[in-house]
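Here is what each chain is made of, one letter per residue.
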Amino acid sequence: QVRLVESGGGLVQAGDSLRLSCAASGRTFSTYAMGWFRQAPGKERQFVGIHWSTGNTYYADSVKGRFTISRDNAKNTLYLEMNSLKPEETAVYYCAAAPPGRDFRSFYAYDYWGQGTQVTVSS
């Protein structure tokens, strides 16, 4: 079993920065692809970015250049550094884990999900 717990969300103003954390259990953490998603009220869950075990990353166009995903295997923790936040990025942010060999673009590639952490960006 893999358990994921997000933290670090909160209320910020437009233009501010915030770092989210995703604490993972299980010895498979270092081998899994770890993704971030977000879901605004009444909207579909949206892909934000992914960090593979190789260290490679990929981001949605909307956040590229502003968001950075990193991983600390020693702490079993995934991070999402968000800069220049916009009000429209208010959402619940989720981390998720996908076993190797799956299409990261698919929502269904991820077997494990955290409970989410709320990020609210005021204008």
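Residues numbered from 1 in each chain as written. Predicted model: local features only at pLDDT ≥ 70, side-chain atom pairs only at ≥ 80, totals over all residues. Heavy atoms only, no water.

Chemist: Looking at this structure, I do not really get the overall build of the protein chain. What am I missing?
Modeler: Looking only at helices and strands, the protein chain features zero helices and eleven strands. Along its sequence from the N terminus, the protein chain presents helices and strands in the succession β-β-β-β-β-β-β-β-β-β-β. In terms of overall size, the protein chain behaves like a compact globule, its C-alpha atoms giving a radius of gyration of 13 Å where 123 residues would be expected to give roughly 14 Å. Considering only C-alpha atoms, the protein chain reaches an extent of 40 × 25 × 25 Å along its principal axes. The proportion of buried residues among the 123 residues of the protein chain is 42%. Working note: accessible area of the protein chain is about 6,500 Å², and carbon and sulfur atoms make up 46% of it. On the protein chain, the mean spot of the 13 positive side-chain charges and the mean spot of the 10 negative ones are 4 Å from each other. (Helix = DSSP H or I, 4+ residues; strand = E, 2+ residues; numbered from the N terminus. Rg over C-alpha atoms; globule rule 2.2 N^0.38 Å. Buried < 20%, exposed > 50% of the residue type's maximum accessible area, 1.4 Å probe, protein only. Areas by Shrake-Rupley, 256 points an atom, 1.4 Å probe, with all protein chains shown as cover. Lys, Arg positive; Asp, Glu negative; His and termini not counted. Charge placed at Lys NZ, Arg CZ, Asp CG, Glu CD.)

Chemist: Help me out: how do you make sense of the sheet that holds strand β1 (residues 4-7) in this one?
Modeler: Sheet strands pair by backbone hydrogen bonding; their relative direction is either parallel or antiparallel. One open sheet holds the four strands; their spatial order is β1-β3-β8-β7, and the pairing between them is antiparallel. The open sheet is flanked by β1 and β7 (67-72), the only strands paired with a single partner. Along the sheet, successive strands turn relative to each other by an average axial angle of 15°, direction set aside. With six bridges connecting them, strand β3 (residues 18-24) and strand β8 (residues 77-82) associate as antiparallel partners. When the sheet's bridge partners are listed, Ala23 is paired in β8 with Thr77. (Pairing = 2+ DSSP bridges. Axes fitted to C-alpha atoms, helices over the stretch in contact; angles between N-to-C directions.)

Chemist: What is the right way to look at the packing of aromatic side chains in this model?
Modeler: Each aromatic ring pair is characterised by the separation of its centres together with the angle its planes make. Summed over the entire model, instances satisfying the criterion amount to 13 aromatic pairs. Relative to Tyr110, the ring of Phe37 lies with its centre 5.1 Å away and its plane at 80°, an arrangement referred to as edge-to-face. One end of the pair, Phe37, is in strand β4 (residues 33-39); the other, Tyr110, is in the loop between β9 (91-98) and β10 (112-113), with 73 residues separating them in the sequence. Like Tyr110, Phe37 is buried. Measuring from ring centre to ring centre gives 4.9 Å for Phe37 and Trp113, while their planes differ by 55°; the resulting arrangement is tilted. Of this pair, Phe37 sits in strand β4 while Trp113 sits in strand β10; the two residues are 76 residues apart in sequence, bridging distant segments of the chain. Among the aromatic residues, those joined into a cluster by ring pairs are Phe37, Phe47, Trp52, Tyr58, Tyr94, Phe104, Phe107, Tyr108, Tyr110 and Trp113. (Phe/Tyr/Trp six-rings, centres within 6.5 Å; stacked < 30°, edge-to-face > 60°.)

Chemist: When you look at the nonpolar core in this model, what are you seeing that I'm missing?
Modeler: The biggest cluster of nonpolar side chains holds 36 residues, and the ones touching the most others in it are Trp36, Leu80, Met82 and Tyr110. Put simply, the parts of the chain that give this core at least two residues each are β3, β4, β5 (46-51), β7, β8, β9 and β11 (117-122). When residues of this core are assigned to their parent elements, the largest contribution, six residues, is made by β9. With residues near it in sequence (within four places) discarded, Leu80 still touches Leu18, Arg19, Leu20, Trp36, Val48, Phe67, Thr68, Ile69 and Tyr93. (Core = buried A, V, L, I, M, F, W, Y, C linked by side-chain atoms within 4.5 Å. Contact = heavy atoms within 4.5 Å.)

Chemist: Hey, could you run me through the environment of Ser122 in this one?
Modeler: Along the chain, Ser122 turns up in strand β11. On the accessibility criterion, Ser122 (26% relative accessible area) is partly exposed. Apart from the residues lying within four places of it in its own chain, the contact partners of Ser122 are Leu11, Val12, Gln13, Ala14 and Pro87.

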